[in-house]
Amino acid sequence: MSSFIFDSFTLPIPSIRFDLQRITTEQNGQTLIHFYDSLGYTTADFALPVEAETILSLFDGNRSVNDILAYSSDEVTKEEILSYAQFLDEHCLLDSPYFSEQAEATEQNYETSNIHTPVTVGNSYPEDAHELKTFLDEAFISNEQTTPVENAKALFAPHIDPRVGMKSYIKAFSAIKNLKPKRVVILATSHYSGLYGDLYEETPFIISDKIITLPNGDVKADSENIAQLKRITDEKKLGISFQDRAFRIEHSVELHLLFLNHIWNHDFSIIPILVGGFDELLYMEKGFRAQQVDEFSRLLNKQFGDDDDTFFLISGDLSHFGKKFGDAKTARELVKSIQEFDHQFIQKALINNANGMISLLTRDYDATRICGFPPLLSFLRTMPNLKGTQLSYDLWDEIERESALTSDNGNPVPIKNNVITIPFLPNPSRKPKIFSPDGTK
């Protein structure tokens, strides 16, 4: 074991990580606690019997092994309690020095690798290439398609789980299946950059140069142009970071490439750019963040705006609302007002009224949580003379959580399909592994 594994009878046992989501599941008549780690540090599909909840509640960061022993029966020894704490620490469930060491190693290994492996494969879509092709072929046949365009500069599309938002994907990507760009600049919502402390605080634009591997083919980065961007000296002024660990667990790029690989047979490369939050713009429209957006957008326009071989793909969703997202009312109670708000937002986007879009969100400080706002605004600033046409507007109603997601499909001229995002929870059909301290499963 690593020397960092917790090993003391008298020091407080590190608490269970607060960022872990506990999901109660049933398997073969047994109730389990399934630990879901959005950052992917914990052992995959890790689950414990529900009876473990008692001892887990004592791991609060204040109690030592000796303290917990006082709550235990005579049959339990302090060695057994320590062994259980070490077992949890080994699987990165404790907020401990060992966990911090393993988390940083995971991030550094990702950054030094030239490969990005998909994070939703096997859950949101099949991991077998043949099964995936059948899955997508059937989706395009069974869902309404859009008449393909012969010329377009960009597409605004959702990154919702295909299992619930497939019709939006089909309407969006069927419109561009005849295009053959050599390069795709992807502006995508970054859902996780905010979890990395101050790493990206001054750099909302995160660029990766990795090969993205998918069951239906690898997608290479445009290394030459990315290297040219790296040669820009003032990265802070432009808000750029090439420290790409925010991509490791991100799905907003991956899901779009899944569909591009399916509809296009020609070779193309990508410049994937995750776009972090623009909350500052809602409080200070002319501040430092606004300057970064303008500078970066001017750079993209200069590099690719007039290049007929470059296509822009914007990955983002519209409103997230209901109790799951912190609203006091259910999605059913809010849906009418949300749809009216989305309509206003879409109309401003379609006519490329970026300032009007910001003003609209500023009224209630983005109360409906439009995650597609940062990448969409970045594109509108990049190509201020383009206009779009809406293709559709969809809603995913998560009834069991009294919450919902909206989606819009706009013409691929500059904007297109826009849906709402959801966190990718484990597939309910995928059984968690039951772990125990003695190594059995």
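Residues numbered from 1 in each chain as written. Predicted model: local features only at pLDDT ≥ 70, side-chain atom pairs only at ≥ 80, totals over all residues. Heavy atoms only, no water.

K.L.:
So, the overall build of the protein chain: which residues are in play, and what are the values?
P.N.:
For the protein chain, the count of helices and strands is 14 helices and 16 strands. In the structure as shown, the protein chain presents an accessible area of about 19600 Å², 48% of it carried by carbon and sulfur atoms. (Helix = DSSP H or I, 4+ residues; strand = E, 2+ residues; numbered from the N terminus. Areas by Shrake-Rupley, 256 points an atom, 1.4 Å probe, with all protein chains shown as cover.)

K.L.:
An account of helix H4 (residues 97–112) is requested, with residue identities and associated values reported.
P.N.:
Because the α-helix completes a turn every 3.6 residues, residues three or four places apart line up on one side. Look at H4: 23 Å from first C-alpha to last across 16 residues, which is about the 22 Å you get at 1.5 Å a residue. Taken together, the buried positions of H4 are occupied by Tyr-98, Phe-99, Ala-103, Glu-107 and Tyr-110. An end-on view of H4 places all buried positions within 165 degrees of arc, on one side of the element. Away from the buried face of H4 by more than 90 degrees, exposed residues Asn-109 and Thr-112 are located. Close packing links the buried residues of H4 with helix H3 (78–90) and strand E4 (115–116). (Expected span 1.5 Å × (residues − 1). Buried < 20%, exposed > 50% of the residue type's maximum accessible area, 1.4 Å probe, protein only. Arc of directions from axis to C-beta. Contact = heavy atoms within 4.5 Å.)

K.L.:
Before we move on, can you summarise empty space enclosed by the protein with the specific residues and values?
P.N.:
Per the counting criterion, the structure on display carries one cavity of 30 Å³ or more. In this structure, the largest cavity spans a volume of roughly 40 Å³. In this structure, the largest cavity is lined by His-116, Ile-212, Phe-247, Glu-250, Val-253 and Glu-254. Looking at the lining of the largest cavity, its residues break down into three nonpolar, one polar and two charged. (1 Å grid on protein atoms, 1.4 Å probe; cavity = no way out; pocket = protein on both sides within 12 Å on 5 of 7 lines; lining within 4 Å. Points joined across faces, edges and corners; volume = space filled by probe spheres on them. Nonpolar A, V, L, I, M, F, W, Y, C, P; charged D, E, K, R; others polar.)

K.L.:
For helix H6 (residues 162–173), give the residues involved together with the corresponding values.
P.N.:
The terminal C-alpha atoms of H6, which comprises twelve residues, lie only 13 Å apart, well short of the 16 Å expected from a rise of 1.5 Å per residue. Within H6, nine of the twelve residues are buried, which leaves it mostly tucked inside the rest of the structure. Listed in full, the buried residues belonging to H6 are Pro-162, Gly-165, Met-166, Ser-168, Tyr-169, Ile-170, Lys-171, Ala-172 and Phe-173.

K.L.:
Before we move on, can you summarise the pattern of salt bridges with the specific residues and values?
P.N.:
Within the structure shown, the criterion is met by 16 salt bridges. Residues Arg-289 and Glu-280 are paired through a salt bridge, measuring 2.9 Å at the closest nitrogen-oxygen approach. Exposure remark for Glu-280: the relative accessible area of 36% places this residue in the partly exposed category. Here Arg-298 ties to Glu-295 by a salt bridge, and the two come within 3.2 Å at their closest N and O atoms. Remark: Glu-295 and Arg-298 occur in helix H11 (residues 288–305); sequence separation between them is three residues, near one turn of the helix. (Salt bridge = Lys/Arg side-chain N within 4 Å of Asp/Glu carboxyl O.)

K.L.:
Lay out unusual backbone geometry with the relevant residues and their values.
P.N.:
Residue Asn-28 is not a glycine yet carries a positive backbone phi of 55 degrees. A relative accessible area of 73% means that Asn-28 is categorised as exposed. The backbone of Cys-92 sits at a positive phi, close to 65 degrees, despite the residue not being glycine. By the secondary structure assignment, Cys-92 is in the loop between H3 and H4.

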